[in-house]
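An overview of the molecular structure
Listed below, chain by chain, are the residues.
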Amino acid sequence: MEKTTKFLVFSILALSFFAEEQLAAKFDPFQTGPYEVLDFHWDMADTGLNKNVEVWAPKNASGTFPVIYFSGSLAQTITVRAVNTFLSHVASHGYVIIAPWRSGSPNYTVEWLDPVFDYAEENILYWLVAAGAAINIQPDFSRMVIMGHSAGNHINVNYLKRKGCRNFVANVHLSPVDGFDPFGIIPGDFAITPGENVNFNIPTLVVKAGLDPIPGTIINPACAPANLSNERFYNAMPGNRWFINATEFGHVDFFEPGFVGGVEFLNFCASNDTADKTVYQDFTGGVVVSFISALMYPEEYCEMLDYVEDPSLAQVDTVMYSDVDSATRCTAQCSWVPETRTGDLSEDWNGWDSDNEYYN
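About the thresholds
- Residues numbered from 1 in each chain as written.
- Predicted model: local features only at pLDDT ≥ 70, side-chain atom pairs only at ≥ 80, totals over all residues.
- Heavy atoms only, no water.
- Core = buried A, V, L, I, M, F, W, Y, C linked by side-chain atoms within 4.5 Å.
- Buried < 20%, exposed > 50% of the residue type's maximum accessible area, 1.4 Å probe, protein only.
- Helix = DSSP H or I, 4+ residues; strand = E, 2+ residues; numbered from the N terminus.
- Contact = heavy atoms within 4.5 Å.
- Phe/Tyr/Trp six-rings, centres within 6.5 Å; stacked < 30°, edge-to-face > 60°.
- Axes fitted to C-alpha atoms, helices over the stretch in contact; angles between N-to-C directions.
- Left-handed = near helix turned anticlockwise from the far one by under 90°.
- Nonpolar A, V, L, I, M, F, W, Y, C, P; charged D, E, K, R; others polar.

Membership of the largest hydrophobic core comes to 54 residues, with the highest contact counts inside it found for Phe70, Phe86 and Phe291. Contributions of two or more residues to this core are made by strand E3 (63-71), helix H4 (84-91), strand E4 (96-101), strand E5 (137-149), strand E6 (168-174), strand E8 (204-209), strand E9 (241-246) and helix H9 (277-296). Of all the elements, H9 adds the most residues to this core, at 10 residues. Filtering out sequence-adjacent residues up to four positions away, Phe86 remains in contact with Phe70, Met147, Leu174, Phe254, Thr284, Gly285 and Val288. Counting residues in hydrophobic clusters, the runner-up holds 41 residues, among them Trp42, Val67, Tyr69 and Ile202.

This is how it looks when you write it as structure tokens:
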């Protein structure tokens, strides 16, 4: 009996090790991907848009690459260059990232986004090739990811609520915050109503920084107050959803060193000033790449979701949980009902038809 028990334990450990080896054989999401990355800037003066737009994309690479729309911090009022390393990491795995922003006045209006999407679809090939991309690169606007940091997610949720899915099929919230700022200077217009689901259904990953709800000083509010962030977004999503809490890091700890240093100097947000921030940058990029790759290429990479479900695979201390239907675990889809419908919609989301339309 003892020999049998030892054999079973050994077999389980061997199978677990084999599974991890098989997963690692796909690709390491925490390492830079196989593509060299180019990036360039569209100035609002050149495009006629209300925003500047930054673009990251594979360089000298032929083929079709999914598009990620990224909505930056403080509702798109901070330059997205603040997360250049993170976005470059994601793009190096074969994604085209489009990130609008404008400093100064609040960028609160979701109606400003459609012109950005339209301009990008019409002009990005010209700009990519002019910047040095392969002439036969093809950004895929038919299946997009919508992603944001902090109050940028407030804009993203409001867009999906009011405008519908467009061609978004996956959603990433990085330390999401509802409302524009933690000081309450700019009031209301919250995207989430606690206790109610949103009126769209899209696979969603929420990545929380564990220090998000902790104030930088006793006189500053937290950059992501507990009642306005993270779990507030996760709980409002009616479909497949994943939650990761990177317990030891702060709201902007995956930003570029100069930005993080400024935040630590001003004590504006809580930060882990003794941690290796590059590890957190790689971790954040890795879990995002794992999530979107599993949904975009399920036949090949569905098992990459293990990286957002198994804390033992993480490079940093995490708490992970999820609420997922195993039958649609790696299904990238979005469905929507008009915003006038309110209340708990969880019983209404029975699935998608072949045209991505909601049906009851």
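So, next bit.
Let us now look at the packing of aromatic side chains. This structure, assessed with the given rule, holds 23 aromatic pairs. Ring geometry for Tyr234 versus Tyr321: centroids 5.4 Å apart, planes at 90 degrees, classification edge-to-face. With Tyr234 in helix H7 (residues 231-236) and Tyr321 in strand E10 (residues 318-323), the pair connects residues that are 87 residues apart, well separated along the chain. You can call Tyr234 buried: its relative accessible area is 5%. Connected via pairs of aromatic rings, a cluster forms that spans Phe30, Phe86, Phe249, Phe254, Phe255, Tyr280, Phe283 and Tyr307.

With that out of the way, let us pick up the packing of H4 against H9. As a packed pair, H4 and H9 sit with axes 9 Å apart at the nearest point and diverge in direction by 35 degrees. H9 is crossed by H4, and the crossing has right-handed handedness. Between H4, through Thr85, Phe86, His89 and Val90, and H9, the contact on the second element is made entirely by Gln281, Asp282, Thr284, Gly285, Gly286, Val288, Val289 and Ile292. Residues of the contact of H4 with H9, tallied by class, amount to five nonpolar, six polar and one charged.

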